[in-house]
Amino acid sequence: MENLNFDLEIYDTIRKNIKKYRKEKGMTSEVLSELVDLSHEYVRSIESEKSGRGFSVDTFYRISVALDVSMDDLAKK
């Protein structure tokens, strides 16, 4: 069986990309939180490097739709 290489920093990659694409669109984290129907504090914690892992696929999907960016692009290094 083939050995798989998993990205152990996938959450960090996604966090950085969410923040990058949000800023490219000139959107505040507050506006993003309203679009995805999540609290502003929660959206800020997703983008924070200090935050632990812990957002769902649903949240990941909602953010990708709100930013008009594919989930694949949000997960790219």
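Quick caveat: nothing in here was measured; it's all calculated off a predicted structure. (Residues numbered from 1 in each chain as written. Predicted model: local features only at pLDDT ≥ 70, side-chain atom pairs only at ≥ 80, totals over all residues. Heavy atoms only, no water.)

**A look at the overall build of the chain**
Part 1 of the reasoning: A count of helical and extended segments in the chain gives five helices and zero strands.
Part 2 of the reasoning: For 77 residues, the compact-globule estimate of 2.2 N^0.38 gives 11 Å, and the C-alpha radius of gyration of the chain, at 13 Å, lies within 12% of that figure.
Part 3 of the reasoning: A principal-axis box enclosing the C-alpha atoms of the chain has dimensions of 45 × 25 × 20 Å.
Part 4 of the reasoning: Residues counted as buried form 30% of the 77 residues belonging to the chain.
Part 5 of the reasoning: Within the chain, counting contacts between residues at least 6 apart in sequence, those at least 24 apart form 61% of the total.
Part 6 of the reasoning: When the 13 basic and 15 acidic side-chain charges of the chain are each reduced to a single mean position, those positions are 5 Å apart. (Helix = DSSP H or I, 4+ residues; strand = E, 2+ residues; numbered from the N terminus. Rg over C-alpha atoms; globule rule 2.2 N^0.38 Å. Buried < 20%, exposed > 50% of the residue type's maximum accessible area, 1.4 Å probe, protein only. Contact = heavy atoms within 4.5 Å. Lys, Arg positive; Asp, Glu negative; His and termini not counted. Charge placed at Lys NZ, Arg CZ, Asp CG, Glu CD.)

**Notes on the nonpolar core**
Part 1 of the reasoning: Judged by nonpolar contacts, the single largest core of 14 residues is most densely connected at I18, L32, I63, L67 and L74.
Part 2 of the reasoning: Going through the elements one at a time, α1 (10–24), α2 (29–36), α3 (40–47) and α4 (57–67) are the ones with two or more residues in this core.
Part 3 of the reasoning: Once residues within four sequence positions are removed from consideration, L74 is found in contact with T13, I14, N17, I18, Y21, F60, S64 and V69. (Core = buried A, V, L, I, M, F, W, Y, C linked by side-chain atoms within 4.5 Å.)

**Regarding the packing of α2 against α4**
Part 1 of the reasoning: The N-to-C vectors of α2 and α4 enclose an angle of 115°; their axes lie 9 Å apart at closest approach. On the basis of the axis angle, α2 is roughly perpendicular to α4. Helix-helix and strand crossings are classified by hand; for α2 and α4 the assignment is right-handed. The segment α2 lies against α4, with L32, L35 and V36 engaging R62, I63, A66 and L67.
Part 2 of the reasoning: For the contact of α2 with α4, the residue count by class is six nonpolar, no polar and one charged. (Axes fitted to C-alpha atoms, helices over the stretch in contact; angles between N-to-C directions. Parallel < 35°, antiparallel > 145°, perpendicular 65-115°, else oblique. Left-handed = near helix turned anticlockwise from the far one by under 90°. Nonpolar A, V, L, I, M, F, W, Y, C, P; charged D, E, K, R; others polar.)

**Things to note about the packing of aromatic side chains**
Part 1 of the reasoning: If you walk through the whole model with that rule in mind, you get two aromatic pairs.
Part 2 of the reasoning: A ring pair is formed by Y11 and F55, whose centres lie 4.9 Å apart and whose planes are at 75°; its orientation type is edge-to-face. Highlighted residues: Y11 in helix α1 and F55 in the loop between α3 and α4, separated in sequence by 44 residues.
Part 3 of the reasoning: Since its relative accessible area comes to 10%, F55 is described here as buried.
Part 4 of the reasoning: With centroids separated by 6.5 Å and ring planes inclined at 45°, the aromatic side chains of F55 and F60 adopt a geometry described as tilted. For the pair F55 and F60, a shared accessibility class is recorded, and that class is buried.
Part 5 of the reasoning: Members of the aromatic cluster, each reached through a chain of ring pairs, are Y11, F55 and F60.
Part 6 of the reasoning: We note K20 situated over the ring of Y21; from NZ or CZ to the ring centre the distance is 4.5 Å. (Phe/Tyr/Trp six-rings, centres within 6.5 Å; stacked < 30°, edge-to-face > 60°. Lys NZ or Arg CZ within 6 Å of the ring centre and 35° of its normal.)

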